[in-house]
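# Chain and residue survey
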Amino acid sequence: MRDFIPIAKPIIGDEEIAAVGAVLRSGMLAQGKEVKQFEDGFAGYLGAKYAIAVNNGTVALDLAVKALGLKPGDEVITPAFTFIATANCALYQGLTPVFADVDPRTFNIDPDDLQEKITPRTRAVIGVHLYGQPFDLSAVQQICEDRGIHLIEDCAQAHGAEYKGKKAGSFATGCFSFYPTKNMTTGEGGMITTNDDSMEQRLRLLRSHGDTGKYNHVSLGYNYRMMNIQGALGLVQLQRLEEFTAKRIKNAEFLDKNIKVKGITTPRRADGVRHVYHQYVVRVEDDFASSREKLMEFLQARGIGSAVHYPKAVYEQPFYRKLGYTNVRCPVAEDVSRRVMSLPVHPSLSQDDLQYIAETINSFEA
Ligand SMILES: Cc1ncc(COP(=O)(O)O)c(C=O)c1O
């Protein structure tokens, strides 16, 4: 019997275990030297001026929005098709999330619809590099610059992704997650990147009780710090990120070439991007002979995990409906949420696993 192939699997080796063990033995468990080294390494890797480590990706987004100092009722535009944290971080501040539709092939924010959704109250845009593919940064950055709107990049799924040769997260304020399913992990964990000196100062104060050092508290802050245990893990994972990414891209290329089912469309890569395949997401088209759910059951029964990221547009979630998002329509987001299906693409897959995934999906009969 072959082992079940999960949809995601972190790679933790002896080096990670040794690095975490060394921190545990040192007794310096909370934020310290390893976190600082991880921040410096991450900023250097990205080509960003600063990196500020926090305890998860949701907190990264929360602090990035908090640091803008917006007022209740100000509007923040996010794509309608993303993980819910992207929009929730506006709610944490009493801000109003406004949803823009997405491109039907890249699943990323549609700059034309973004333009349409701007009002005099729009203060920020949070673009998402969904599944590891950068959104149209040229267009979105231009819109934000022209209108004097802040831009945040949700890079939770895009470690090492590139747009026109520059890393995602080095264009604006970048927010990363290191959750175990992500392209690199620290267990829970997050990072904010910025090139802006004053933003960096505000983020560091927000992260740790507004403390400039030695209990001198100059502003309201929180305890959103990362531990050295996570920092040490992150440093090793960062050194391996390019190897992980190369494997993800190779795996995706194999699936692109070898999946041949009428009505299943393999992912579309936009021009000028380095897609890092956090997820490998196919579209189930109208001419597919069966349904997405039947195909997922078929794969599950044959030992292959799959998932739907995400089954609803954000405003269709019960919580958002309760908030009053009942008349919002982003037709493409709704449509793709019914069509997308993620297949395993993670770097732990063997050539045999990949072959098996392609053969199994190709053998599906309605
Ligand atoms: C697009 C997106 N934004 C934000 C987050 C939040 O990150 P975390 O789970 O580390 O809080 C995630 C992670 O699941 C995500 O996929």
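That block above? That's the structure.
These lines cover the structure that appears in this document, whether it is placed above or below. Starting from 1, residues in each chain are numbered consecutively following that chain's sequence as written. Reporting in this predicted model follows two pLDDT cut-offs: at least 70 for local features of residues, and 80 or more for side-chain atom pairs to be given and counted; totals over whole chains, interfaces and linings ignore these cut-offs and use all residues. Processing note: side-chain calculations cover all non-hydrogen atoms of the structure and skip hydrogens and water entirely.

### Overview of the nonpolar core
In these notes, a set of buried Ala, Val, Leu, Ile, Met, Phe, Trp, Tyr and Cys residues joined through side-chain atoms within 4.5 Å is what counts as a nonpolar core. A 1.4 Å probe rolled over the protein chains alone gives each residue an accessible area, and that area as a share of the maximum for its type sets the label: buried under 20%, exposed over 50%, partly exposed in between. Ranked by size, the top nonpolar core spans 27 residues in total, and within it Ile259, Ile264, Tyr280, Leu295, Leu299 and Leu343 carry the most contacts. Helical segments are the DSSP runs of H or I of at least four residues, strand segments are the runs of E of at least two, and each set is numbered from the N terminus. Elements supplying a minimum of two residues to this core: helix H8 (228-258), strand E12 (280-284), helix H9 (292-301), strand E13 (340-343) and helix H12 (351-362). The element best represented in this core is H12, accounting for five residues.

### A short note on H12
Its twelve residues place the ends of H12 17 Å apart at the C-alpha level, agreeing with the 16 Å of an ideal helix rising 1.5 Å per residue. For H12, every residue scored as buried is listed here: Asp353, Leu354, Tyr356, Ile357, Ala358, Thr360 and Ile361. Contact criterion: two residues are considered in contact whenever any of their non-hydrogen atoms come within 4.5 Å of each other. Of the surrounding elements, those touching the buried residues of H12 are H8, H9 and E13. Expected span of a helix: the number of residues minus one, times 1.5 Å.

### As for the sheet that holds strand E6 (residues 162-163)
Strands were regarded as paired on the criterion that DSSP finds at least two bridges between them. Reading across from one edge, E7-E6-E11 is the order of the three strands in this open sheet, with antiparallel pairing throughout. Here the strands that pair on one side only, and so sit at the sheet edges, are strand E7 (166-167) and strand E11 (273-274). Taken together, the two bridges between E6 and E7 define a ladder with antiparallel strand orientation. Residue pairing across strands places Glu162 opposite Lys167, the latter belonging to E7.

### Looking at the site of the ligand
Whether a residue is near a molecule or strand depends on its heavy atoms: if one lies within 4 Å, it is near. Close to the ligand lie 15 residues, the nearest being Gly57, Thr58, Asp154, Ser177 and Lys182. N or O atoms closer than or at 3.5 Å make up a polar contact, with two conditions inside protein: a donor-capable atom paired with an acceptor-capable one, and, for residues adjacent in sequence, both atoms drawn from side chains. Thr58 has a polar side-chain atom sitting 2.5 Å from an oxygen atom of the ligand. Between Gln157 and the ligand, the recorded distance is 2.9 Å, taken from a side-chain N or O atom to an oxygen atom. Note on areas: Shrake-Rupley with a 1.4 Å probe; residue coverage comes only from the protein chains shown. Computed on the free molecule, the ligand has an accessible area of 390 Å², of which 91% lies beneath the protein chains in the complex. Lining residues are defined by having an atom within 4 Å of a point belonging to a cavity or pocket. Those points lie on a 1 Å grid over the protein atoms alone, cavities being sets where a 1.4 Å probe fits but cannot get out and pockets being open sets with protein on both sides within 12 Å along at least five of seven lines. Molecule-in-pocket calls rest on the fraction of atoms, with more than half required to lie within 2 Å of the cavity or pocket grid points. Placement of the ligand is best described as lying within the largest pocket. Looking at the shell around the ligand, the elements with two or more residues in it are helix H3 (57-66) and helix H4 (85-91). Residue contributions to the shell around the ligand peak at three residues, all from H3. Nonpolar residues are Ala, Val, Leu, Ile, Met, Phe, Trp, Tyr, Cys and Pro. Charged residues are Asp, Glu, Lys and Arg, and all others, Gly as well, are polar. A breakdown of the residues in the shell around the ligand according to their chemical character gives six nonpolar, seven polar and two charged.

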